[in-house]
2 protein chains.
Amino acid sequence: MPAISTKGRLMPPSPIRKLVPFAEAAKGRGTKVIHLNIGQPDIASPDVALDAIRHLDRTVIEYSHSAGYESYRKGLATYYAQHGIMVDHDHIIVTNGGSEALLFGMMACFEPGDEVIIPEPFYANYNSFAMAAGVTVVPVRSTIESGFALPPIEAFEALITKRTKGILICNPGNPTGYLYSAAELDTLRDIVKRHDLFLFADEVYREFCYDGARHISAMTLKGIEENVVLIDSVSKRYSMCGARVGAFITRNKELYAAVLKFAQARLSPPTFGQIASEAALRTPKSYFDAVASEYKQRRDILVNGLNTIPGVICPTPKGAFYCVAQLPIDDSDRFCQWLLESFAFDGYTVMMAPATGFYAQPATGRQQVRLAYVLEQPLLAKAVECLRKALMEYPGVPAGTPKATSAAG
Amino acid sequence: MPAISTKGRLMPPSPIRKLVPFAEAAKGRGTKVIHLNIGQPDIASPDVALDAIRHLDRTVIEYSHSAGYESYRKGLATYYAQHGIMVDHDHIIVTNGGSEALLFGMMACFEPGDEVIIPEPFYANYNSFAMAAGVTVVPVRSTIESGFALPPIEAFEALITKRTKGILICNPGNPTGYLYSAAELDTLRDIVKRHDLFLFADEVYREFCYDGARHISAMTLKGIEENVVLIDSVSKRYSMCGARVGAFITRNKELYAAVLKFAQARLSPPTFGQIASEAALRTPKSYFDAVASEYKQRRDILVNGLNTIPGVICPTPKGAFYCVAQLPIDDSDRFCQWLLESFAFDGYTVMMAPATGFYAQPATGRQQVRLAYVLEQPLLAKAVECLRKALMEYPGVPAGTPKATSAAG
């Protein structure tokens with residue numbers, strides 16, 4: 001039997017999905033599992049998108065242009081302009097989700113062995129795409145004490161080597177929900193410009209900002225127009241994760257041409273998903289207002305609730321629909337598995353993503369978990385109750401840690 | 001401005017799509033372009049698949065399991081069993097088309113620098129996936145004189161080195177339409193077994209066999225069960241190229257687990273496409289019979305027609321819906337471009353894929369083109385007329401070549 005490749009062996013399993021077998025076993029025992037592990041919203045996709053699918057008038061489901069339907073790309077350009085992002089349709093390549101945009105971008109920009117600096121904790125699958133492209137992830141640590149703000153410019157400068165070729169940010173951030181300020185983005189622009197790096201900006205959560213905060217796109221930064229790559233997706237915007245429609249966007253013509261060759265090799269992004277996504281461009285503002293308001297309430301229930309549990313620290317995110325919480329535990333992988341294997345409260349347990357998968361060095365996230373607040377409010381309240389109870393019962397609490405008490409609730 | 005990567009520079013443009021700007025210009029001048037360049041059938045997708053989409057009853061378009069919906073994978077296992085391919089649903093990972101199955105497979109099986117032997121001419125995008133994975137393609141030449149039969153075992157043995165890690169076949173073949181015999185597959189099995197290689201078998205055209213010929217899957221070969229990777233796709237089977245639903249299939253548990261990690265990183269295959277593909281499993285046999293009969297008639301019109309043009313050689317394919325023809329020309333890239341830029345007959349011209357893109361060394365295919373017979377019969381007859389005329393007019397005919405004459409038709 002031939003051996004599989006080094007990449008095949010070393011590719012990390014998804015921290016978001018690796019506990020699925022334990023969750024299935026828990027469900028098999030009759031326990032209800034509250035899924036805070038994955039950013040799969042329960043919000044309805046826009047009617048206008050679903051109606052376009054239901055009124056499909058084609059008889060042959062053909063390939064589209066490798067860069068996506070031109071009409072959809074033109075519609076996207078208009079959508080971006082409404083968000084202050086000035087791009088043409090021929091700066092856009094429609095992709096199989098944001099995932100493919102990241103993979104193509106990494107392969108087209110970076111040599112195997114090149115280094116990309118990523119503020120951590122970061123979206124776990126960045127490790128996977130980097131592994132696939134042979135790219136070395138160099139983490140720059142943001143801390144829970146600072147609410148996961150951008151590390152100071154000196155922290156970046158200290159990491160720059162001859163192999164540094166890019167910086168990758170997620171804004172608003174998955175997993176932290178952190179929203180970068182104008183000053184922080186200016187800091188990034190300065191580093192990118194000084195060292196002539198690519199700046200990958202994953203902005204798939206731009207619609208989800210709270211407390212009056214406003215998202216600023218990396219595409220608006222002056223002086224690095226050819227350096228910026230925008231990674232986008234309809235997955236979260238329209239609660240349409242399964243459409244698998246994203247976008248790779250750059251004003252850099254040479255890079256665009258290179259990524260288009262990767263796109264041609266896989267022929268076409270999905271036709272059905274593009275039909276739904278093009279129709280979704282007509283989603284009324286009221287949909288987004290309602291969704292953002294709902295997420296804000298969910299955030300408040302989850303984050304405020306977590307912060308009432310002794311020993312738990314959870315900064316309040318200004319964007320996206322995730323938070324990272326520090327828990328009084330020995331090991332988040334063990335705790336998350338224990339929740340599924342050995343715990344239930346009132347017939348419920350909670351599934352979370354251990355933060356170990358969101359750091360370049362897993363040990364850094366050993367006391368942290370990522371939680372997605374994409375479920376309805378009563379379930380989130382129930383999840384907080386479960387966690388409070390679980391932290392009282394969990395045997396793996398480090399010595400000297402104050403035990404959670406029900407009185408704190 | 002930062003430099004793009006070596007892969008980004010060297011990735012080959014699609015030979016199937018690279019002439020698109022010239023085709024668009026021709027259409028702009030009012031010329032009708034007959035698209036023989038791309039395997040985009042004009043056959044209707046099965047009603048049962050389109051109806052499933054039109055009756056969509058979901059309100060949230062969610063991610064599926066990273067390996068695809070379990071119900072779809074179970075349905076696929078039944079479909080394969082009907083074709084003599086005995087696999088379980090947990091041997092199957094649903095992918096974004098056959099393209100993603102190939103890319104994941106190459107990354108999971110091969111180290112950068114490993115060699116994969118591919119009978120040429122071969123599907124052009126194999127070069128692209130190999131480039132993305134850092135794999136070296138080692139061609140073993142099949143010739144138009146032998147009708148593109150599998151080269152003898154000695155030709156393979158002569159190419160085996162310490163870096164040889166796999167063989168990749170397409171059966172029935174794109175671009176040649178060649179269908180491997182049981183004896184040829186036994187030859188492949190012997191080489192694979194002797195050198196413990198992976199055997200990638202791209203069998204996306206299995207439904208399209210003519211003249212009573214029968215497709216034999218590599219998955220039925222004895223003694224190499226852990227070595228075989230089946231690459232599949234619904235694109236051609238159901239004339240549903242835009243669904244972007246394929247499959248990576250292996251009985252090798254270690255390899256399966258590795259590819260599943262790549263699949264987890266990109267979260268999910270397309271939901272809409274899976275709904276259509278699962279419904280398409282109920283496509284009646286009459287659909288396939290009608291389609292195969294139609295393709296056979298199209299093949300006969302195109303291939304028989306081509307063979308009446310002086311200086312043209314085109315073996316009659318037994319499967320798929322492509323053929324490779326040798327033409328009395330100096331350079332197929334130039335000829336195909338000339339057809340779009342400078343030629344029209346009766347308001348029509350023909351777009352073909354230069355075969356240069358289907359060989360590891362482009363020069364080998366300089367006098368050959370790939371044609372897809374996926375259009376209705378009158379258009380194919382018109383295409384033959386156009387080519388006959390074009391070969392009379394084309395200035396780049398090598399000296400000493402007999403000129404085509406209209407009398408030959």
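Residues numbered from 1 in each chain as written. Chains lettered and ligands numbered in written order. Predicted model: local features only at pLDDT ≥ 70, side-chain atom pairs only at ≥ 80, totals over all residues.

## Points about the overall build of chain A
Here is step 1 of the chain: Assigned secondary structure in chain A consists of 13 helices and 12 strands.
Here is step 2 of the chain: Computed over C-alpha atoms, the radius of gyration of chain A comes to 21 Å, within 12% of the 22 Å expected from 2.2 N^0.38 for 409 residues, which places it in the range of a compact globule.
Here is step 3 of the chain: Dimensions of chain A, computed from the C-alpha atoms along their principal axes, are close to 60 × 60 × 55 Å.
Here is step 4 of the chain: The buried share of chain A, taken over its 409 residues, is 57%. (Helix = DSSP H or I, 4+ residues; strand = E, 2+ residues; numbered from the N terminus. Rg over C-alpha atoms; globule rule 2.2 N^0.38 Å. Buried ≥ 20, exposed ≤ 12 C-beta atoms within 10 Å, placed from the backbone.)

## Structural notes on the environment of phenylalanine 248 of chain B
Residue and element names in this part refer to chain B.
Here is step 1 of the chain: By the element assignment, phenylalanine 248 lies in strand E8 (residues 246–250).
Here is step 2 of the chain: Residue classification places phenylalanine 248 among the buried positions, given that 30 C-beta atoms sit within 10 Å.
Here is step 3 of the chain: In the structure, phenylalanine 248 is positioned 11 residues away from valine 259 in sequence and 8.4 Å away in space, judged by C-alpha atoms.
Here is step 4 of the chain: Excluding anything up to four places from it in sequence, phenylalanine 248 contacts Ile93, Thr95, Ala101, Phe104, Gly105, Val229, Ile231 and Val259. (Contact = placed C-beta atoms within 7 Å.)

## Details of the interface of chain B and chain A
Here is step 1 of the chain: Every contact between the two is made by 70 residues of chain B and, on the other side, 70 residues of chain A.
Here is step 2 of the chain: Those elements giving two or more residues to the side of chain B that touches chain A turn out to be helix H1 (6–10), helix H3 (47–54), helix H5 (97–109), helix H6 (125–133), helix H9 (253–265) and helix H10 (271–280) of chain B.
Here is step 3 of the chain: Broken down by element, the residue count for the side of chain B that touches chain A peaks at seven residues, all from H9 of chain B.
Here is step 4 of the chain: A breakdown of the residues in the side of chain B that touches chain A according to their chemical character gives 33 nonpolar, 22 polar and 15 charged. (Nonpolar A, V, L, I, M, F, W, Y, C, P; charged D, E, K, R; others polar.)

## So, the nonpolar core
One recurring pattern in soluble globular proteins: nonpolar side chains tend to sit buried together.
Here is step 1 of the chain: Ranked by internal contacts, the top residues of the largest apolar core, which has 281 residues, are Leu199 and Val259 of chain A together with Leu199 and Val259 of chain B.
Here is step 2 of the chain: The residues touching leucine 199 of chain A, leaving out its near neighbours within four places in the chain, are Gly166, Ile167, Leu188, Val192, Ala218, Ile224, Asn227 and Val228 of chain A. (Core = buried A, V, L, I, M, F, W, Y, C linked by C-beta atoms within 7 Å.)

## As for the environment of isoleucine 275 of chain A
Residues and elements named next belong to chain A.
Here is step 1 of the chain: Of note, isoleucine 275 is situated in helix H10 (residues 271–280).
Here is step 2 of the chain: Sequence separation between isoleucine 275 and leucine 56 is 219 residues, and the spatial gap between their C-alpha atoms is 8.6 Å.
Here is step 3 of the chain: Beyond its immediate chain neighbours, meaning those up to four positions away, isoleucine 275 contacts Ala52, Ile53 and Leu56.

## Here we look at the confidence of the model for chain A
Where the model shows low pLDDT, its predicted coordinates should not be examined in detail.
Here is step 1 of the chain: Chain-level statistics for chain A give a pLDDT mean of 95 and a share of 97% at 70 or above.
Here is step 2 of the chain: Interface confidence for the predicted complex, given as ipTM, is 0.94, next to a pTM of 0.94. (pLDDT = per-residue confidence, 0-100.)

## Digging into the relation of the copies chain B and chain A
Here is step 1 of the chain: Mapping chain B onto chain A is achieved by rotating through 180 degrees and translating by 0.0 Å along the same axis, at an RMSD of 0.0 Å. The relationship between the two copies is best expressed as a two-fold rotation axis. The rotation axis passes nearest to the C-alpha of arginine 54 of chain B in chain B, at a distance of 2.0 Å.
Here is step 2 of the chain: Most of the interface of chain B is mirrored in chain A, where 100% of its interface residues are also at the interface. (Least-squares fit on C-alpha atoms with pLDDT ≥ 70 in both.)

## As for the sheet that holds strand E5 (residues 164–170) of chain B
Residue and element names in this part refer to chain B.
Here is step 1 of the chain: Strands sit in the order E2-E8-E7-E6-E5-E3-E4 across an open sheet of seven strands; the sheet is mixed. Two strands bound the open sheet, and with one partner strand each, they are strand E2 (92–95) and strand E4 (136–141). Averaged over all pairs of adjacent strands, the angle between strand axes in this sheet comes to 20 degrees, irrespective of strand direction.
Here is step 2 of the chain: Direction of pairing for E5 relative to strand E6 (residues 198–202): parallel, over a ladder of five bridges. The residue bridging isoleucine 167 from the neighbouring strand is leucine 199, located in E6. (Pairing = 2+ DSSP bridges. Axes fitted to C-alpha atoms, helices over the stretch in contact; angles between N-to-C directions.)

## A closer look at unusual backbone geometry
Here is step 1 of the chain: Put simply, glutamate 120 of chain A and proline 121 of chain A share a cis peptide bond, and its omega is 5 degrees.
Here is step 2 of the chain: Assignment of secondary structure puts proline 121 of chain A in the loop between strand E3 (115–120) and helix H6 (125–133).
Here is step 3 of the chain: Omega for the peptide link from asparagine 171 of chain B to proline 172 of chain B comes to -5 degrees, which places this bond in the cis form.
Here is step 4 of the chain: Unusually for a residue other than glycine, alanine 320 of chain A sits at a positive phi of about 55 degrees.
Here is step 5 of the chain: Here alanine 320 of chain A lies in the loop between helix H11 (285–307) and strand E9 (322–326).
Here is step 6 of the chain: For aspartate 196 of chain B, which is not glycine, the phi dihedral falls at a positive 50 degrees.
Here is step 7 of the chain: Its location among the elements puts aspartate 196 of chain B in the loop between helix H8 (182–195) and E6.
Here is step 8 of the chain: The exposure class of aspartate 196 of chain B is partly exposed, given the 13 C-beta atoms found within 10 Å.

## Considerations on the pairing of strand E5 (residues 164–170) of chain A
Residue and element names in this part refer to chain A.
Here is step 1 of the chain: With respect to burial, E5 is a largely interior element, six of its seven residues being buried.
Here is step 2 of the chain: As paired strands, E3 and E5 are joined by three bridges and run parallel to one another. From the neighbouring strand, glutamate 115 faces E5, where its bridge partner is threonine 164.
Here is step 3 of the chain: Assessed by its sense of winding, the connection that carries the chain from E5 through helix H8 (residues 182–195) to strand E6 (residues 198–202) is right-handed. (Right-handed = clockwise from strand over helix to strand, strands pointing away.)

## Focus on the packing of helix H2 (residues 20–28) of chain A against helix H12 (residues 332–342) of chain A
Residue and element names in this part refer to chain A.
Here is step 1 of the chain: Direction vectors running N to C along H2 and H12 enclose 20 degrees, while the axes themselves pass 8 Å from each other. Judged on the interaxial angle alone, H12 and H2 are roughly parallel. In this structure, the crossing between H2 and H12 has a hand that is left-handed. From H2, Phe22, Ala23 and Ala26 reach across to H12, where they touch Gln337, Leu340 and Glu341.
Here is step 2 of the chain: A per-class count over the contact of H2 with H12 returns four nonpolar, one polar and one charged. (Parallel < 35°, antiparallel > 145°, perpendicular 65-115°, else oblique. Left-handed = near helix turned anticlockwise from the far one by under 90°.)

## Section: the sheet that holds strand E12 (residues 368–372) of chain B
Residues and elements named next belong to chain B.
Here is step 1 of the chain: Taken together, the three strands give an open sheet; going across it, the order is E9-E12-E11, and neighbouring strands pair in antiparallel fashion. Edge positions in the sheet fall to strand E9 (322–326) and strand E11 (353–354), since each of these pairs with one other strand and no more.
Here is step 2 of the chain: Note that E9 and E12 share five bridges and pair antiparallel. Looking at the pairing, valine 324 lines up with arginine 370 of E12.

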